[in-house]
Amino acid sequence: MRNKSLIQITNKTYKVMKKVLLMLVVVLIGTGCYAQKKNVTQAKNKAMATENPDFSGARALIADALEDETTKNLADTWYWAGMIGYKENEYLLTQSILTGKVDDKKKGEAVVESYNYFVKADDIAMTPVLDKKGKEVVDTKTHKNVQQKMLDYYNMQELVKYGIWLNEQRDYANAYEVFKMHTDIPNLKMMQDEKMQAKMPKDTTYYQYLYYAGLFATQAGMHDEAIAIFESMKDGETEPILVNQFLYQEYVEKKDTANFVRVLQNAIERFPAEPWFLQNLINFYIFSGQEQTAIEYLDKAIEREPNVAQYYHIRGNLNENAKNYDAALADFDKALSIDPTLADAMAGKGRVYYNQAVQLNEEAAYISDNKQYQKALKEMDDVFAKSLPFFEQAHELDKENRNYMIILKQLYYRLHMDKKYEEMSNLLNQ
């Protein structure tokens, strides 16, 4: 009996001790939760102080709450973490007005920090939880507060200001990130309601900032990011020619032939009067041994836009390469009839005769009969002489082109035009 009584007492004692320990654990958890919530409140007070706000102190306090198990999953914790940077940005703006000095770096870092905290706060706020009655609810109060703060950043263009400063520091990667954050605001899940969308339409300014984000990505060598932006803009109205040119260059950098050809082909259709795209596509076909395809593209382009001088100039070059000299001369003449100042087309005519003369010179080397040889040389010089006036006119149209000067110098020497030769030599040596 005594042993049984002892066992009963021991069990009873164990149960009492277990209950006390459980209560102690609950108390400790409650105390920890209270401590962290107190940290959040103190952080809030330090950041919201009217005079001498302590943002560093506020961050130190909120940092513990962001990691503690009792508060790290509360929307309120992340919201007030965001408010620290939000209020610091406001404070620094006021100080800049009063002192005339702006700390762009500190302001920008505060905005970026708070932006990220606000996104996290809204994500938690809009994740349904069960209330005491077992009903799913969301934290609409925090959601609306965060929405308004994001709208403030968007309308005040705080991220844009920071991005411009980063660009001036040549920190293109971060400039891209910041501009992208700004242009992402209308696309955030939290902003997808009619009232918010109506307050931030994707107007010309929006797409201009998106374009700048693409430029910064390009400058930072972030090819995939640049491609994503320019692909989204290539059919739009903001800097459409430049957007397509940058998109082409990005695919070239990635050695993505299929896509850069696609971009060029589409751009030729959309911008028929812009020869840049056609020239690059033609060059691709030429260097890949597809000259006939190049000519076919030009024929279609000329049929669609018959008054673009560059199209005839390019086709003239192709015909010249194929030794279709009569067709080449006709194309260069047509180009000059449309644009008489097109120096390259004028030089193209000269080059047709010059290259024919070079060919005659090569053929003359195999003539053994002296009389026939001298006759061949005379014929060759006559053809060289035919090219001369065209290169002289090209030089007049484009005085800075050294290629024209070099060819003229060679022609003057070959044709024994000593004075002209000296003049051109002196010009090249300047």
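That block above? That's the structure.
On a predicted model such as this, the values are computed, not experimentally measured, just so you know.

Cut-off values and rules
Residues numbered from 1 in each chain as written. Predicted model: local features only at pLDDT ≥ 70, side-chain atom pairs only at ≥ 80, totals over all residues. Heavy atoms only, no water. Helix = DSSP H or I, 4+ residues; strand = E, 2+ residues; numbered from the N terminus. Expected span 1.5 Å × (residues − 1). Buried < 20%, exposed > 50% of the residue type's maximum accessible area, 1.4 Å probe, protein only. Polar contact = N/O pair within 3.5 Å; in protein donor to acceptor, adjacent residues only side chain to side chain. Salt bridge = Lys/Arg side-chain N within 4 Å of Asp/Glu carboxyl O. Phe/Tyr/Trp six-rings, centres within 6.5 Å; stacked < 30°, edge-to-face > 60°. Contact = heavy atoms within 4.5 Å. Core = buried A, V, L, I, M, F, W, Y, C linked by side-chain atoms within 4.5 Å.

Draft legend 1. How the structure looks around helix 2 (residues 55–67). The first and last C-alpha atoms of helix 2 sit 19 Å apart over 13 residues, in line with the 18 Å expected at 1.5 Å per residue. Taken residue by residue, helix 2 has Phe55, Gly57, Ala58, Leu61, Ile62, Ala65 and Leu66 as its buried positions. Between the side-chain oxygen at the start of helix 2 and the backbone nitrogen of glycine 57 there is a gap of 2.9 Å, and the oxygen is on aspartate 54.

Draft legend 2. Summary view of the pattern of salt bridges. A complete count under the given rule lists 20 salt bridges for this structure. In this structure, the salt-bridge partner of lysine 46 is aspartate 54, at a minimum N-O distance of 3.6 Å. The class for lysine 46 is partly exposed, based on a relative accessible area of 32%. In this structure, arginine 315 and aspartate 299 form a salt bridge, with 2.8 Å as the shortest nitrogen-oxygen distance. With arginine 315 in helix 15 (residues 309–321) and aspartate 299 in helix 14 (residues 291–304), this pair connects stretches of sequence that are 16 residues apart. Residues participating in the shared-partner salt-bridge network are Arg59, Glu88 and Glu113.

Draft legend 3. The packing of aromatic side chains, seen in detail. Across all of its chains, the model carries 24 aromatic pairs by this definition. Taking the centre distance of 5.8 Å and the plane angle of 55° together, the rings of phenylalanine 55 and tyrosine 91 count as tilted. In this pair, phenylalanine 55 is assigned in helix 2 and tyrosine 91 in helix 3 (residues 75–99), connecting sequence segments 36 residues apart. For tyrosine 91, a relative accessible area of 32% translates into the label partly exposed. Taken together, a centroid distance of 5.7 Å and an interplanar angle of 25° make the contact between tyrosine 285 and tyrosine 297 stacked. Placement of the pair is tyrosine 285 in helix 13 (residues 275–287) and tyrosine 297 in helix 14, with a sequence separation of 12 residues.

Draft legend 4. Spotlight on the side chain of lysine 349. Tracing the backbone shows lysine 349 in helix 17 (residues 343–364). Reaching out from lysine 349, the side chain makes a polar contact with the side chain of aspartate 333 at a distance of 2.6 Å. Not counting the four nearest positions on each side in its chain, lysine 349 is found in contact with Leu329, Phe332, Asp333, Leu336 and Phe390.

Draft legend 5. Broad picture of the nonpolar core. Of all hydrophobic cores here, the largest spans 118 residues; its most connected members are Ile62, Phe118, Met150, Leu159, Ile185, Met191 and Phe230. In this structure isoleucine 62 touches Val40, Ala43, Thr77, Trp80, Ala81 and Ile84, once residues within four positions along its chain are discounted.

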